[in-house]
Amino acid sequence: MTEQRTAAPVVAPDAPAGATIAIAVGALMVSTSGVFIALAGAPTEVSTFYRCALVLPVLAVFAWLESRRNGLMDAREWGFALLCGAFFAADMFWWGAAVLEAGAGLTTVLVNVQVVVVPLIAFLIDRERPSRRVFFALPIMICGLTAASGVLQQGSTGPEPRTGAAHAIMAGICYSGFLFLLRRSGKQGRNLQTYAVSIAVPAVSALAWALIQGFPSTLRIDGPALGWIALTALTNGAIGWLLVARYSPLVPSAVGAGLLLLTPVGSLLLGALVLGERPAPLQIIGCAVILAVAYGASVRKGSSVR
């Protein structure tokens, strides 16, 4: 489920075909994580620990290569990286709980509140004025979230769709804080180092919780569940977001925004095909509203997505 960006170079009006394909593949890889976590069926702290710990060696290599190229983070950047990790840890815990409560597809759509929340955070902190469409999008997205959450109509998504929807929205808000800080680190070309720290913080947090609850029994997991979590770490952390991070600076923002919306769409389809999730009609309409508003708020006027 995390986004990372490098320092954005000047891009051509038309996106390179290879870059758009890479981002599309990355977004689809990320879309599998909710289904794999649901299939694992492990407690949230267990899935969080293993999916982070298993991918850390790969990210450490990329962070080391980046440090040789762009230098190590200074003390201030370390502080931002740790705060970024705290937001990401809260996002992962809430998101992992929401997948088991509300279903993989619905949860992944609800997390996309970040498309509107991130510009609002940038406005409040950096005085970066968002477009008028963001302000118009907020009340419409709230209506879509209300419909998708299942408050108005019950569908076959998960055992506790309303609780899960609340947790998914909280995860989306924390995810927005993570994305905002990660975007800042990209200005210095050190976002891979920030990302590695952000993955380490949830792993350490989950391990600390296991120590409090009674290590090692708390982190004990059977083979099939560990296999699904390992697959999540591979597709989501080691392939999906790394592809997005590597190639998103090479395409116009409109193209990147459109392609990243493949994540919730792919998760909805996988949830229906693999897990048998059947959202109610009003929930489907709410999901469609969220995706449409997210796309409309993120695409600049006059730009086009092929």
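Above: the structure in question.
Every chain's residues receive numbers from 1 upward, in the order its sequence appears when written. Thresholds applied to this predicted model are a pLDDT of at least 70 for local features of residues and 80 or more for the giving and counting of side-chain atom pairs; totals over whole chains, interfaces and linings are not thresholded and use all residues. Here the side-chain values reflect all heavy atoms present in the structure, with hydrogen atoms and water set aside.

Observations regarding the overall build of the protein
Heads up, the condition is: Secondary structure elements are taken from DSSP: a helix is a run of H or I of four residues or more, a strand is a run of E of two residues or more, and numbering for both begins at the N terminus. We call a residue buried when its accessible area falls under 20% of the maximum for its residue type, exposed when it is over 50%, and partly exposed in between, using a 1.4 Å probe and counting protein chains only. Any two residues having at least one pair of non-hydrogen atoms within 4.5 Å are treated as being in contact. Note on areas: Shrake-Rupley with a 1.4 Å probe; residue coverage comes only from the protein chains shown.
Within the protein one finds 13 helices and 0 strands. Ordering the α and β elements of the protein from the N terminus gives α-α-α-α-α-α-α-α-α-α-α-α-α. Out of the 306 residues belonging to the protein, those deemed buried represent 51%. Residue pairs in contact within the protein that sit at least 24 positions apart in sequence constitute 89% of those at least 6 positions apart. If you sum the accessible surface of the protein, you get close to 13,700 Å²; carbon and sulfur atoms cover 68% of it.

Quick word on the pattern of salt bridges
Put simply, the rule reads: Salt bridge, as applied in this entry: a Lys or Arg side-chain nitrogen positioned within 4 Å of an Asp or Glu carboxyl oxygen.
Going through the model one piece at a time under the given rule, you end up with 1 salt bridge. Across the pair Glu 77 and Arg 190 runs a salt bridge, and its minimum N-O distance is 2.7 Å. Taken together, the positions of Glu 77 in helix 4 (residues 75-102) and Arg 190 in the loop between helix 8 (161-186) and helix 9 (191-213) put the pair 113 residues apart, joining distant regions of the chain. For the pair formed by Glu 77 and Arg 190, the shared burial category is buried.

Structural notes on the packing of aromatic side chains
What counts here: Ring pairs shown here join Phe, Tyr and Trp side chains whose ring centres sit within 6.5 Å, with only the six-membered ring taken for Trp; geometry is labelled stacked below 30 degrees between planes, edge-to-face above 60, and tilted in between.
Within the structure shown, the criterion is met by 3 aromatic pairs. Aromatic pair Phe 49 and Tyr 50: ring centres 5.1 Å apart, planes at 75 degrees, arrangement edge-to-face. Exposure remark for Phe 49: the relative accessible area of 17% places this residue in the buried category. Judged by its relative accessible area of 17%, Tyr 50 falls in the buried class. The interplanar angle of 20 degrees and the centroid separation of 4.5 Å between the aromatic rings of Phe 88 and Phe 178 together place this pair among those described as stacked. Of this pair, Phe 88 sits in helix 4 while Phe 178 is found in helix 8, placing the two residues 90 residues apart along the sequence. Summarising the burial analysis for this pair, Phe 88 and Phe 178 share the class buried.

Let's talk about helix 12 (residues 262-274)
What counts, and what does not: What a helix should span is 1.5 Å times the count of its residues minus one. Regarding the arc, it is the one traced by the directions from the helix axis to the C-beta atoms.
Taking 1.5 Å as the rise per residue, helix 12 with 13 residues should run 18 Å; its terminal C-alpha atoms sit 17 Å apart, in good agreement. Listing the buried residues of helix 12 in full gives Thr 263, Pro 264, Gly 266, Ser 267 and Gly 271. Within helix 12, the buried residues cover an arc of 160 degrees as seen down the axis, which keeps them to one side. Facing away from the buried surface of helix 12 by more than 90 degrees, the exposed residues are Leu 269 and Leu 273. The positive-phi residue at the C-terminal boundary of helix 12 is Gly 276, with phi of around 70 degrees.

Points about the nonpolar core
What counts, and what does not: Residues belong to a common nonpolar core when they are buried Ala, Val, Leu, Ile, Met, Phe, Trp, Tyr or Cys residues joined through side-chain atoms within 4.5 Å.
In terms of nonpolar packing, the biggest core is built from 32 residues, with Leu 59, Phe 178, Tyr 195 and Ile 199 touching the most fellow members. Among the elements that take part in this core, helix 8 stands out by supplying 7 residues, more than any other. The next biggest cluster of nonpolar side chains, apart from the first, holds 12 residues, and it includes Ala 102, Met 141, Ala 165 and Val 293.

So, helix 2 (residues 33-40)
Burial analysis of helix 2 places 6 of its 8 residues in the buried class, which makes it a mostly covered element. All of the buried residues in helix 2 are Ser 33, Gly 34, Val 35, Phe 36, Ile 37 and Ala 40. Positive phi appears at Gly 41, one or two residues downstream of helix 2, with a value of about 65 degrees.

Quick look at a nonpolar patch on the surface
Operational definition: Grouping into patches uses exposed residues only, defined as over 30% relative accessible area, and leaves out salt-bridged ones; the cut-off is 9 Å for like charges and 5 Å for nonpolar side chains (Val, Leu, Ile, Met, Phe, Trp, Tyr).
Together, Leu 39, Trp 228, Leu 231, Leu 234, Val 265, Leu 269, Leu 273 and Val 274 make up an exposed nonpolar region whose accessible area comes to about 700 Å². Secondary structure elements with two or more residues in the nonpolar patch: helix 10 (223-247) and helix 12. Ranked by residues supplied to the nonpolar patch, first place goes to helix 12 with 4 residues. By secondary structure assignment, the location of Leu 39 is in helix 2.

Quick look at the side chain of Thr 235
Cut-off, in case you're wondering: Contacts described as polar in this section are N or O atom pairs within 3.5 Å, which, within protein, must combine one atom able to donate a hydrogen with one able to accept it, while residues neighboring in sequence count only if both atoms come from side chains.
Within the secondary structure, Thr 235 sits in helix 10. You can call Thr 235 buried: its relative accessible area is 9%. Of the polar contacts made by the side chain of Thr 235, one reaches the side chain of Thr 32; its length is 3.2 Å. Ignoring anything within four residues of it in the chain, the contact list for Thr 235 reads Met 29, Val 30, Thr 32, Phe 36 and Gly 240.

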